[in-house]
Amino acid sequence: GLSWEDEYQLQRSIGSGSFGQVFLVLHKEEQREYVLKSIELQTASDEGRQQMELEVQLLRTMQHPNIVAYRDSFIDRSGHLCILMEYCEHGDIFTHLQDLRRTQIPHESQLLEWFTEIVWALQSLHQQKILHRDLKTQNIFLAGSRPPLAAKLGDFGVAKVLSSTADLAKTQIGTPFYMSPELINSHPYSYKSDVWGLGCVLYEIVNGHRAFDAQSLNGLALKIIKGSYTPISASCSQSTKQLIQAMLTKNPSHRPSLKEILHMPLIRSKILPAY
Ligand code: ADP
Ligand code: MG
C-alpha cells in the first residue's frame, strides 16, 4: 500500500479521536495543510469499522462550503485507514469560544452567522436523506486564515443514511448532553432530533454553557424529558431566545423545520446581503 509520507509531511498531532490519532500534514507539492485522521483498523470492532467506512463514504459525497471537505482516503503500509480532509485553522467552535470568552464576549451577530452556516450544511444533508445525529459544538469547525471565519460541519461518524422513503432511523448513539427527549423515550431519531441538536448548539454558543447538564445520566435524562434547561442568559436578543426555545420544544413535531428556521427574519438577515 501507499504511505502518506510520500506525498505529505507530518507537521504535528492535533488531537486524538475516538478511533485514532489526528494529525496536521503538509502536502509537499501543493504546500497546503490538511488534516489526516489515522485509524487503527485492527483494534476497531466490526461495528466501529463499518462506522468508519460510512464516514468515509459520506464525506466523499458531501460537497458544501459549510461541510468539512474530504480529500482522500487510503490504507497505509501499517494497515491504518487514513482519511485526509480540509484543515480548519481555528479548530472546533467549542474550544474556540471557550478561549475567546476568557477575554471578550462573542458578538451575537457573529454567532448567528455561524449558526446559519450550520443550518445550511444540515439542510444539504437532510436534502440527501442523511441525518447528522451528532450535532455538538465539538463537531463544528472554524476555517479561514482571517475573519470572517466560516463554520463547517464535520464528523459524520454516527450519521445515518436513510432509505429513500423512511423518515426515521432506528439506531441511536451520539452525545448524551445533546440527546432529544424522544430519543430518551426510545423513539427513533428523526430530522427533528437534529433540530433539537441545533437548539442545544445555539443555546451553548450564545450562553457559554450547555443547555442541559447534570452530574449523572439519569439526572440529565430527567432534565431533558422535562425540557427544563437553564434559563437563557439575558444578554441576547428576544428573537434569538425565541428561536432557541422553539428548537428546544419537547414535541418534535412542534419544532421548526430547517426551512422555517431559514425563513425567520433573524436568520434571513444573515443570508441576504446588507441593503
Ligand atoms: P473523533 O470525533 O473521531 O473523536 P475528532 O474529529 O473530534 O475525533 O478529532 C479530534 C481532534 O482533532 C479535535 O480536537 C478536533 O478539534 C481536531 N480536528 C478534527 N478534524 C479537524 C479539522 N478538519 N480541522 C481542524 N481540527 C480538526
Ligand atoms: Mg469529533
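Note that this is a predicted model, so its numbers are computed, not measured.

A. Representation of the overall build of the chain. Scanning the chain from N- to C-terminus turns up ten helices and eleven strands. Contacts in the chain between residues at least 24 apart in sequence constitute 61% of all its contacts with a sequence separation of at least 6.

B. Just the environment of Glu-40, in detail. Mapped onto the elements, Glu-40 comes out in strand 3 (residues 32-40). When the C-alpha positions of Glu-40 and Leu-100 are compared, they lie 34 Å apart, and in sequence the two are 60 residues distant.

C. Spotlight on the packing of helix 6 (residues 191-207) against helix 8 (residues 238-247). Interaxial distance between helix 6 and helix 8 falls to 8 Å at its minimum, and their mutual angle equals 145°. For the element pair helix 6 and helix 8, the recorded crossing hand is left-handed. In this structure, helix 6 uses Val-195, Trp-196, Leu-198, Gly-199, Leu-202, Tyr-203 and Val-206 to contact helix 8, whose residues at the interface are Thr-240, Leu-243, Ile-244 and Met-247. Taken together, the residues that form the contact of helix 6 with helix 8 break down as nine nonpolar, two polar and no charged.

D. Main features of the UniProt feature "binding site: ATP" (unreviewed entry) in the chain. The residues that UniProt annotates with the feature "binding site: ATP" (unreviewed entry) are Lys-37. With respect to the helices and strands, the residue Lys-37 is situated in strand 3. Given 23 C-beta atoms within a 10 Å radius, Lys-37 is considered buried. If near-sequence neighbours (up to four positions away) are discounted, Lys-37 is found in contact with Gly-17, Gly-20, Val-22 and Ile-83.

E. Seen up close, the packing of helix 4 (residues 108-127) against helix 6. Close contact between helix 4 and helix 6 brings their axes to 11 Å; oriented N to C, the two are set at 165°. By the criterion of interaxial angle, the relationship of helix 4 to helix 6 is roughly antiparallel. In terms of crossing hand, the pair formed by helix 4 and helix 6 is right-handed. Facing helix 4, whose interface residues are Glu-108, Leu-111, Phe-115, Ile-118, Val-119, Leu-122 and His-126, helix 6 presents Tyr-191, Asp-194, Leu-198, Val-201, Leu-202, Ile-205 and Val-206.

F. Representation of the nonpolar core. Membership of the largest hydrophobic core comes to 65 residues, with the highest contact counts inside it found for Leu-36, Ile-118 and Leu-202. Among the elements that line this core, the one with the most residues is helix 6, at ten residues. Apart from residues no more than four positions distant in its own chain, Leu-202 is found in contact with Phe-115, Leu-243, Ile-244 and Met-247.

G. Here's a closer look at the sheet that holds strand 2 (residues 20-27). Pairing within the open sheet is antiparallel, and its five strands lie in the order 1-2-3-5-4. Of all the strands in the sheet, the pair left with one neighbour each is strand 1 (8-16) and strand 4 (70-75). Across the sheet, the axes of successive neighbouring strands diverge by a mean angle of 25°, strand direction being ignored. Of the pairings in the sheet, the one linking strand 4 to strand 5 (residues 80-86) comprises five bridges and is antiparallel in character.

H. Molecular detail of the environment of Val-68. Mapping Val-68 onto the fold places it in the loop between helix 2 (46-61) and strand 4. Here Val-68 falls in the buried class, since 22 other C-beta atoms lie within 10 Å of it. Note: C-alpha distance between Val-68 and Thr-103 (35 residues apart in sequence) is 28 Å.

I. Just unusual backbone geometry, in detail. The omega angle of the peptide bond from Pro-147 to Pro-148 is 0°, so this bond is cis rather than trans. In this structure, Gln-31 is a non-glycine residue whose phi angle is positive, near 55°. For Gln-31, the location among the structural elements is in the loop between strand 2 and strand 3. With phi around 60°, Ser-186 is a residue other than glycine that occupies positive phi space. Looking at the element boundaries, Ser-186 is found in the loop between helix 5 (181-184) and strand 11 (189-190).

J. The pairing of strand 2, seen in detail. Pairing geometry for strand 1 and strand 2, over seven bridges, is antiparallel. When the bridges of strand 2 are listed, Arg-12 appears paired with Leu-24. As paired strands, strand 2 and strand 3 are joined by eight bridges and run antiparallel to one another. Bridged to Val-25 within strand 3 is Tyr-34. Between strand 2 and strand 3, which pair antiparallel and follow one another directly, the connecting turn spans four residues, one of which, Gln-31, has a positive phi of 55°.

Conventions used here
Residues numbered from 1 in each chain as written. Chains lettered and ligands numbered in written order. Predicted model: local features only at pLDDT ≥ 70, side-chain atom pairs only at ≥ 80, totals over all residues. Helix = DSSP H or I, 4+ residues; strand = E, 2+ residues; numbered from the N terminus. Contact = placed C-beta atoms within 7 Å. Axes fitted to C-alpha atoms, helices over the stretch in contact; angles between N-to-C directions. Left-handed = near helix turned anticlockwise from the far one by under 90°. Nonpolar A, V, L, I, M, F, W, Y, C, P; charged D, E, K, R; others polar. UniProt positions renumbered as here; feature names shortened; annotations may be inferred. Buried ≥ 20, exposed ≤ 12 C-beta atoms within 10 Å, placed from the backbone. Parallel < 35°, antiparallel > 145°, perpendicular 65-115°, else oblique. Core = buried A, V, L, I, M, F, W, Y, C linked by C-beta atoms within 7 Å. Pairing = 2+ DSSP bridges.

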